[in-house]
Number of protein chains: 2
Amino acid sequence: MIRIGLVGVGKIARDQHIPALAADARYQLVAAASRTKPDLGVLPVFQDIEEMLAQGPALDAVALCTPPQARRETALAALRAGKHVFLEKPPGASVGEVAELAAVARAQGVVLFTSWHSRFAAGVAPAKAWLSTRRVREVAIEWREDVRRWHPGQTWIWEAGGLGVFDPAINALSILTEILPTEAFVTGATLQVPENVQSPVAAHVDMTNLDGARITADLDFLQTGPQTWDLTAQTDDGVLKLSMGGAELTLDGQPVEVGENHEYPGLYDRFATLIARGESEVDARPLTLVADAFLLGTRESVEAFVE
Amino acid sequence: MIRIGLVGVGKIARDQHIPALAADARYQLVAAASRTKPDLGVLPVFQDIEEMLAQGPALDAVALCTPPQARRETALAALRAGKHVFLEKPPGASVGEVAELAAVARAQGVVLFTSWHSRFAAGVAPAKAWLSTRRVREVAIEWREDVRRWHPGQTWIWEAGGLGVFDPAINALSILTEILPTEAFVTGATLQVPENVQSPVAAHVDMTNLDGARITADLDFLQTGPQTWDLTAQTDDGVLKLSMGGAELTLDGQPVEVGENHEYPGLYDRFATLIARGESEVDARPLTLVADAFLLGTRESVEAFVE
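Basis of the calculations
Residues numbered from 1 in each chain as written. Chains lettered and ligands numbered in written order. Predicted model: local features only at pLDDT ≥ 70, side-chain atom pairs only at ≥ 80, totals over all residues. Heavy atoms only, no water. Helix = DSSP H or I, 4+ residues; strand = E, 2+ residues; numbered from the N terminus. Rg over C-alpha atoms; globule rule 2.2 N^0.38 Å. Buried < 20%, exposed > 50% of the residue type's maximum accessible area, 1.4 Å probe, protein only. Areas by Shrake-Rupley, 256 points an atom, 1.4 Å probe, with all protein chains shown as cover. Lys, Arg positive; Asp, Glu negative; His and termini not counted. Charge placed at Lys NZ, Arg CZ, Asp CG, Glu CD. Expected span 1.5 Å × (residues − 1). Contact = heavy atoms within 4.5 Å. Buried area = accessible area lost by both parts, 1.4 Å probe. Salt bridge = Lys/Arg side-chain N within 4 Å of Asp/Glu carboxyl O. Polar contact = N/O pair within 3.5 Å; in protein donor to acceptor, adjacent residues only side chain to side chain. Nonpolar A, V, L, I, M, F, W, Y, C, P; charged D, E, K, R; others polar. Domains from an automatic or database assignment. Pairing = 2+ DSSP bridges. Axes fitted to C-alpha atoms, helices over the stretch in contact; angles between N-to-C directions.

In the nomenclature of an unreviewed UniProt entry, chain A corresponds to Galactose 1-dehydrogenase from the organism Caulobacter vibrioides OR37.

Shown next as structure tokens:
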């Protein structure tokens, strides 16, 4: 039994982490920490990780669901206390930080897991298998959603380091880096940044890989009506399309039966397996793609964003 | 004898590469490529690397001195033609690109060298040795120079991917990553970007490391009068100061005799050694620090820059 504590009791913790943990017999959720001290019934809730570690029940692992900008100190406290650590995506506020957390986990002999939930969407594993024997010529990512609908009140998204439209779009990049047989890298970007915030509301990213594939990402945070989370890959032997964030797969226009989506149960299954093996899984590639888009990108100032 | 070709005959090639190669008996500079086709006396000059590889004399190695935004295709052409490659700093336009170039060099069995000239400044090796036995509490980088004096007409610096004030400041970061016993990573930044260009003219970067050191960088591209290229480290056992870009070293205020500065001769000595050993040296850490500063940084729009 893995006794686990949750830090950060926001939308993602309530919607996903708590139900996934409740459904997995290998875990026992024994404590939470949140500055707002929400009522979670019988679960003891502490002010922060330091209080949870000092005064709470014994823990084997900690899952961190706080925004990325302030997660490093929490992750360090957990790792240095000898706890296995599950990091929500993105795994850090900077690429360098993630490498350092990995070094601490190694030194402490504990497991660090940089979770990317979209990689556990139902269509992703079959998509990866299908692409593994084909040459990819072109990939088009379209990730268009309504920030007001999916991220109400999440002002941290707009602050420096909050990633803006890349907060959802990093899910697409986590799928891309998982399924593409040859590594993608950024060659250019355009970032549209509302004049009153720090992070982009829309973006176009150009990427390629050593096979010379043309890889693009079109991202929009103001899409009303139907929402689009699609990745389409043209290969030398057919066309693959993942839609609904990876939940649905078509090959040459034919739907493929991929079963139900179990992203967070999949993540916690992987985390339990990693803990049993004593192996970390640290992958900062999606975040590196975002950092490179920020490094290389041309910025355009656009209309103020008002929620 | 290493037969070498030079791509990009701008200021740095004329000021540094050509004299360093002329002075090193292990090299023979046999060709150059530059879109402007400058007159280099007896040296044959080609339009671009493709023409140089196809029509020029036999080459063992290529040194790339073109701006980072357009260097990838040139580097790939050289590596794929089986040439050892010396990359001017920064080694690529993106962090991901550098990793991919390294993969190609491995696959081709040739040497890739990501050069960081400031690491060969006279004070850097003794500074590294001195710090290796001490605990660093604080590092302050001050890098203030006059862009109009040192980068006349280099408009690529201001374009997206040109790095702006980080073009010189990445030299400081290359020293920092070389001499610091514990890896630094970015925790925050402020970037001042002139309203008419894409890249910052000034910046403040906050970093730390796993020892909890306070590491800051203050960067300015509009410094007239005396120019400042200083790095000061407070340790548990004295204060180290590198100045003049690493050329001068003082320990607790006492100047240390470090000899003459031989940055580019040092780089070409290292490159020859790497070629003799068949070993690449690829280090993207300074560029990762810049990408993280762009990812995390708060941007402020400032007065237009007019050269």
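A. How the structure looks around the overall build of chain A. A count of helices and strands for chain A gives 9 helices and 15 strands. Taking 19 Å as the expected radius of gyration for a compact globule of 307 residues, we find that chain A reaches 19 Å, a close match to that expectation. Over its C-alpha atoms, taken along the principal directions, chain A stretches across nearly 55 × 45 × 35 Å. The burial tally for chain A puts 59% of its 307 residues in the buried class. Within the structure as shown, chain A displays about 12100 Å² of accessible surface, and the carbon and sulfur contribution to it stands at 48%. For chain A, the distance from the average site of its 26 positive side-chain charges to the average site of its 40 negative ones is 4 Å.

B. Quick look at helix 8 (residues 263–277) of chain A. Residues and elements named next belong to chain A. Across its 15 residues, helix 8 extends 21 Å between first and last C-alpha, which sits within 8% of the 21 Å expected from 1.5 Å per residue. Burial in helix 8 covers these residues: Glu 263, Tyr 264, Gly 266, Leu 267, Tyr 268, Phe 271, Ala 272, Leu 274 and Ile 275. Looking at the buried residues of helix 8, the elements they touch are strand 1 (2–7), helix 1 (11–22), strand 2 (27–33), strand 4 (61–64), strand 5 (84–87) and strand 6 (112–114). Gly 278 occupies a position one or two residues after helix 8 and carries a positive phi of about 70°.

C. Geometry of the interface of chain B and chain A. Taken together, the 31 residues of chain B in the interface contact 31 residues of chain A. In total, chain B and chain A occlude about 2700 Å² of area from one another, counting both sides; carbon and sulfur atoms represent 64% of this. When the area that chain B buries against chain A is broken down by residue, the three leading residues are Glu100(B), Leu210(B) and Leu295(B), summing to 25%. At the junction of chain B and chain A, the tally comes to 0 salt bridges. The tally of links from chain B across to chain A stands at 10 residue pairs in polar contact (both at pLDDT 80 or more). Only helix 3 (72–80), helix 4 (95–108), strand 8 (184–194), helix 9 (285–296) and strand 15 (298–302) of chain B provide two or more residues apiece to the side of chain B that touches chain A. Residues belonging to the side of chain B that touches chain A are distributed by class as follows: 15 nonpolar, 9 polar and 7 charged.

D. Region of interest: unusual backbone geometry. Across the junction of Lys89(A) and Pro90(A), the peptide omega takes the value -10°, indicating a cis bond. Positive phi outside glycine occurs at Asp252(A), with the angle close to 50°. Looking at the secondary structure, you find Asp252(A) in the loop between strand 13 (248–251) and strand 14 (254–256). If you check the backbone angles, Lys37(B) has positive phi at about 50° while not being a glycine. Topologically, Lys37(B) is positioned in the loop between strand 2 (27–33) and strand 3 (45–46). Relative accessible area serves as the criterion here: at 42%, Lys37(B) is assigned to the partly exposed category.

E. Structural view of the domain arrangement of chain A. Residues and elements named next belong to chain A. Under the domain assignment used here, chain A contains domain 1 (2–114) and domain 2 (118–259 + 291–302). Measuring from the centre of the C-alpha atoms in domain 1 to the corresponding centre in domain 2 gives 27 Å. The interface of domain 1 with domain 2 comprises 7 residues on the first partner and 13 residues on the second. Of the roughly 740 Å² buried between domain 1 and domain 2, counting both surfaces, carbon and sulfur atoms make up 64%. When the buried surface of domain 1 facing domain 2 is broken down by residue, Lys 11, Gln 69 and Lys 89 rank first, second and third, together holding 56% of it. With its nearest N and O atoms 3.7 Å apart, the salt bridge here joins Lys 89 to Asp 167.

F. Region of interest: the environment of Leu191(B). Residue and element names in this part refer to chain B. Here Leu 191 is to be found in strand 8. Leu 191 sits 105 residues away from Leu 296 along the chain, and the two C-alpha atoms are 9.8 Å apart. Not counting residues up to four positions away in its chain, the partners in contact with Leu 191 are Phe 166, Pro 200, Ala 202, Ala 203, Ala 293, Phe 294, Thr 298, Arg 299 and Glu 300.

G. Quick look at the sheet that holds strand 14 of chain A. Residue and element names in this part refer to chain A. Spatially, 9 strands are ordered 14-13-12-11-7-10-9-8-15 in an open sheet, and the strand pairing comes out mixed. Single-partner strands in this sheet number two, and they are strand 14 and strand 15 (298–302). Within this sheet the neighbouring strands show an average axis-to-axis angle of 15°, counted without direction. Of the strand pairs in this sheet, strand 11 (residues 228–235) and strand 12 (residues 238–243) are connected by 5 bridges, and their pairing is antiparallel. For Ala 233, the partnering residue across the bridge sits in strand 12 and is Leu 240. In this fold helix 5 (residues 124–131) packs onto strand 7 (136–144), strand 11, strand 12 and strand 13, with an angle of close to 165° to the strand it touches most, strand 12. Contacting strand 8 (184–194), strand 9 (202–209) and strand 15, helix 9 (residues 285–296) runs over the sheet at an angle of about 65° to strand 8.

H. Highlighting the sheet that holds strand 2 of chain A. All names here are of chain A. Spatial strand order, 3-2-1-4-5-6: 6 strands in an open sheet with parallel pairing. On the outer flanks of this sheet lie strand 3 (45–46) and strand 6, each paired with one strand and no other. Note: strand 1 against strand 2, 6 bridges, orientation parallel. Bridge assignment links Arg 3 to a residue of strand 2, and that residue is Gln 28. Packing against the sheet, helix 1 makes contact with strand 1, strand 2 and strand 5, and its axis sits at approximately 175° to strand 1. In the packing of helix 8 onto the sheet, the strands contacted are strand 1, strand 2, strand 4, strand 5 and strand 6, and the crossing angle to strand 5 comes to about 155°.

I. Region of interest: helix 7 (residues 166–179) of chain A. Relative to the 20 Å expected for 14 residues at 1.5 Å per residue, helix 7 of chain A spans 19 Å between its end C-alpha atoms, a close match to the ideal helical length. By the criterion of burial, helix 7 of chain A is predominantly enclosed, with 13 of the 14 residues buried.

J. Summary view of the pattern of salt bridges. If you walk through the whole model with that rule in mind, you get 36 salt bridges over all chains. As a salt-bridge pair, Lys128(B) and Glu178(B) come within 3.3 Å of each other at their nearest N and O atoms. Linking Lys128(B) in helix 5 (residues 124–131) with Glu178(B) in helix 7 (residues 166–179), this pair joins segments that are 50 residues apart in sequence. Its relative accessible area of 37% is what places Lys128(B) among the partly exposed residues. One continuous salt-bridge network, built from bridges that share partners, spans Arg119(A), Lys128(A), Glu178(A), Glu183(A), Asp283(A) and Arg285(A).

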